Amino acid sequence: MQFNPLYPSLPSKLFHVQQPSPLRGAKAGHFNSALADELQWSEDDKNAWVEICSGQRIFPEFPSLAMVYAGHQFGQWAGQLGDGRGLLIAQILNTKGQTIDLHLKGAGPTPYSRMGDGRAVLRSVVREYLAGHALNALGVASSHAVGFTTSTQGVQREKLELGAMLLRTSECHIRLGHFEWINQYAPELLSEFTQKCIEWHYPECLETENPILSFAKKVVECIAIMIAKWQLVGFAHGVMNTDNLNITGSTLDFGPYGFMERFRPNWINNHSDYQGRYTYQNQPSIGHWNLWTWLNNLIPLAEPEQKDKFKEELARCLEQFEPIFLEHYGQGLCQKMGLPHFHKDSLDCSFAFLRILQTEQLDYTQSFIRLQNKEYKTLRDDCLDIRQFDEFLSQYQSIREHQDTDELDANMQKANPIYILRNHMAQRAIEAAERDDFSEVDRLFKLLNHPYTRQPELEQPQDLGPLPSDVPDVAVSCSS
């Protein structure tokens, strides 16, 4: 590994240095060798992956540390938070020369654990391992895991479960909540911290007339694009607190997430979200709210006589969120539909299709595949309101009639995954893993690595659709 320790250069108030606390009886779960190659792991590193991914091996080149941050959770100020069970154990260079964080989850209690035990259970580790892998393969920026380990040590949740650790990677673990903590508890650090964030993650902003405003615009843009991509693949994060969004717009912190199956935009996939704040349909507005909260934390960076003007400029940065989101979502939706984005009726037609999916409770992913494969009769047969479908199909075919349909069809194949990580798929892998059988984790890892390509040798019938209507959905909680 080529180490590039950046975060430890910040003031010590921002983190706590400590070593991981390994679990008893650590053993191999699953290893992402392709990612290890991207991270320039040596053969010795790869051979020692179990020790690295279980906290048994630390690096003298980097002091492992827990970050402190704060946040708004479910819209309410939650005060000081922080890495309660995770440690940044290294920052290394990948093959592109980019600095990547190695973050060990389940590494034991830290000063920021807030009554927690600092552990993670195998159930949640498997879900995060597969979800990050799935999103990256779908082209959605996300943390990615090198591997995970299980153990013989029990961890108490609603019941006693197996403890596990996950070594995840991201280009950034700096959250919107970092700025909230600094403003509340160490405002004297705001300028230096912001400057480092720009240097490390948006150096091009340093060449502009106002680097802070340029930085704000980039963060708004990246988060808007990330959420647009979530919506297009039907991903619901489930817990979009300000401490769960980072400044580079890559998906972070997988808890009660879910990939949409039957198209229910108001589906509550987080059992702790009693008001439905973080449903799929609310994700764009919550992203906007989180950014508004974050931008307010940049106001102290203005000179006193410039504060009012600076507020107005920050507000203009936020005004770009909606058009950026709509542009990327609209273009992506038209691509999924096989319609030209420039046509005046393409979006209306696309939304008509979504209304059918919602009314008829059809599977989001497979309905687009059927549309792509021109299985119009199959789609029609699944509808109770035949008239609504026929009106849609007539408009759809009319728009495509004078277009280059070969190009549109090729674009559809790039935009419509055959496979997503359905909750019942993850659950089968978890149940097998809890019996010390990781073959289903491995099968899903391989299947989800190529989500746009049919893989009959790997797929199972359950991978291609939701559970039958008389089978209850897999329950997912925040407990992890």
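Residues numbered from 1 in each chain as written. Predicted model: local features only at pLDDT ≥ 70, side-chain atom pairs only at ≥ 80, totals over all residues. Heavy atoms only, no water.

- In the annotation of an unreviewed UniProt entry, the entry for the chain reads Protein nucleotidyltransferase YdiU, and the organism field reads Acinetobacter pittii.
- Recorded in UniProt for the chain, the comment headed Sequence similarities (unreviewed entry) runs: "Belongs to the SELO family." (UniProt positions renumbered as here; feature names shortened; annotations may be inferred.)

## Concerning the UniProt feature "binding site: Mg(2+)" (unreviewed entry) in the chain
Consideration 1: In the numbering used here, UniProt assigns the feature "binding site: Mg(2+)" (unreviewed entry) to Asn244 and Asp253.
Consideration 2: Within the secondary structure layout, Asn244 lies in the loop between β11 (235–236) and β12 (258–259).
Consideration 3: The contact partners of Asn244, leaving out residues within four places of it in the chain, are Arg175, His237, Val239, Leu252 and Asp253.
Consideration 4: With respect to the helices and strands, the residue Asp253 is situated in the loop between β11 and β12.
Consideration 5: In this view, Asp253 contacts Arg168, Arg175, His237, Val239, Asp243 and Asn244; residues no more than four positions away in its chain are not counted. (Helix = DSSP H or I, 4+ residues; strand = E, 2+ residues; numbered from the N terminus. Contact = heavy atoms within 4.5 Å.)

## Notes on the packing of helix α11 (residues 346–360) against helix α14 (residues 386–400)
Consideration 1: Interaxial distance between α11 and α14 falls to 10 Å at its minimum, and their mutual angle equals 150°. Relative to α14, the element α11 is oriented roughly antiparallel. Between α11 and α14 the crossing geometry is left-handed. The residues of α14 that touch α11, namely those facing Ser346, Asp348, Cys349, Ala352, Phe353, Arg355, Ile356, Thr359 and Glu360, are Gln388, Phe389, Phe392, Gln395, Tyr396 and Ile399.
Consideration 2: When grouped by side-chain class, the residues that make up the contact of α11 with α14 number 8 nonpolar, 4 polar and 3 charged. (Axes fitted to C-alpha atoms, helices over the stretch in contact; angles between N-to-C directions. Parallel < 35°, antiparallel > 145°, perpendicular 65-115°, else oblique. Left-handed = near helix turned anticlockwise from the far one by under 90°. Nonpolar A, V, L, I, M, F, W, Y, C, P; charged D, E, K, R; others polar.)

## Digging into the packing of aromatic side chains
Consideration 1: Tallied over the full model, the rule gives 31 aromatic pairs.
Consideration 2: Ring centres 5.6 Å apart and planes at 15° place the aromatic pair Tyr129 and Phe445 in the stacked group. Here Tyr129, found in helix α4 (residues 122–137), pairs with Phe445, found in helix α17 (residues 439–448); they are 316 residues apart in sequence, far enough to count as distant.
Consideration 3: Phe445 gets classed as buried once you look at its relative accessible area, which sits at 11%.
Consideration 4: Centre to centre, the rings of Trp230 and Phe235 are 5.6 Å apart; their planes meet at 65°, and the pair counts as edge-to-face.
Consideration 5: Classification of Trp230 by relative accessible area gives buried; the value is 0%.
Consideration 6: For Phe235, a relative accessible area of 0% gives the class buried. (Phe/Tyr/Trp six-rings, centres within 6.5 Å; stacked < 30°, edge-to-face > 60°. Buried < 20%, exposed > 50% of the residue type's maximum accessible area, 1.4 Å probe, protein only.)

## Overview of the nonpolar core
Consideration 1: Ranked by internal contacts, the top residues of the largest apolar core, which has 149 residues, are Tyr7, Trp41, Phe392 and Leu421.
Consideration 2: Here this core gets 14 residues from one element, more than from any other, and that element is helix α7 (residues 211–233).
Consideration 3: Each of two domains, domain 1 (7–176) and domain 2 (334–415), supplies a minimum of three residues to this core.
Consideration 4: When neighbours within four sequence positions are excluded, Phe392 is seen to be in contact with Met337, Cys349, Ala352, Phe353, Ile356 and Leu371. (Core = buried A, V, L, I, M, F, W, Y, C linked by side-chain atoms within 4.5 Å. Domains from an automatic or database assignment.)

## Regarding the UniProt feature "active site" (unreviewed entry) in the chain
Consideration 1: Mapped onto this numbering, the UniProt entry gives "active site" (unreviewed entry) at Asp243.
Consideration 2: Among the residues examined, Asp243 registers a relative accessible area of 7% and is labelled buried.
Consideration 3: Beyond its immediate chain neighbours, meaning those up to four positions away, Asp243 contacts Tyr69, Ala70, Gly71, His72, Gln73, Leu81, Arg175, Gly177 and Asp253.

## Remarks on the pattern of salt bridges
Consideration 1: Counted under the stated rule, the structure contains 28 salt bridges.
Consideration 2: A salt bridge links Asp436 to Lys27, with the shortest nitrogen-to-oxygen separation between them at 3.6 Å. Linking Asp436 in the loop between α16 (423–433) and α17 with Lys27 in strand β2 (residues 27–31), this pair joins segments that are 409 residues apart in sequence.
Consideration 3: Residue Asp436 is classed as partly exposed on the basis of its relative accessible area, which comes to 45%.
Consideration 4: In this structure, Arg443 and Asp463 form a salt bridge, with 2.9 Å as the shortest nitrogen-oxygen distance. Of this pair, Arg443 sits in helix α17 while Asp463 sits in the segment after α17, and the two are 20 residues apart along the sequence. You'll find Arg443 and Asp463 in the same group, each marked buried.
Consideration 5: Salt bridges sharing common partners tie together Lys105, Glu128, Arg168, Arg175 and Asp253. (Salt bridge = Lys/Arg side-chain N within 4 Å of Asp/Glu carboxyl O.)

## Observations concerning the pairing of strand β6 (residues 86–93)
Side chains on a regular strand alternate between the two faces of the sheet.
Consideration 1: Of all 8 residues making up β6, 8 are buried, and the element is well covered by its neighbours.
Consideration 2: In the sheet, β6 pairs with strand β7 (residues 99–105) via 7 bridges, with the strands oriented antiparallel. Opposite Ala90, over in β7, you have Leu102 as the bridge partner.
Consideration 3: Following β6, the chain reverses through 5 residues before pairing antiparallel with β7; Gly97 in that reversal takes a positive phi of roughly 80°. (Pairing = 2+ DSSP bridges.)

## Considering α17
Consideration 1: Of all 10 residues making up α17, 7 are buried, and the element is well covered by its neighbours.
Consideration 2: Within α17, burial applies to Glu440, Val441, Arg443, Leu444, Phe445, Leu447 and Leu448.
Consideration 3: Residues of α17 that are buried sit in contact with β2, α4, β9 (144–156) and α16.

## What to know about the side chain of Gln18
Consideration 1: The residue Gln18 is located in the loop between β1 (15–17) and β2 in this model.
Consideration 2: Only 3.0 Å separates the side chain of Gln18 from the backbone oxygen of Pro109, close enough to count as a polar contact.
Consideration 3: In contact with Gln18, other than residues within four places in its own chain, are Ser64, Leu65, Leu87, Pro109, Thr110 and Pro111. (Polar contact = N/O pair within 3.5 Å; in protein donor to acceptor, adjacent residues only side chain to side chain.)

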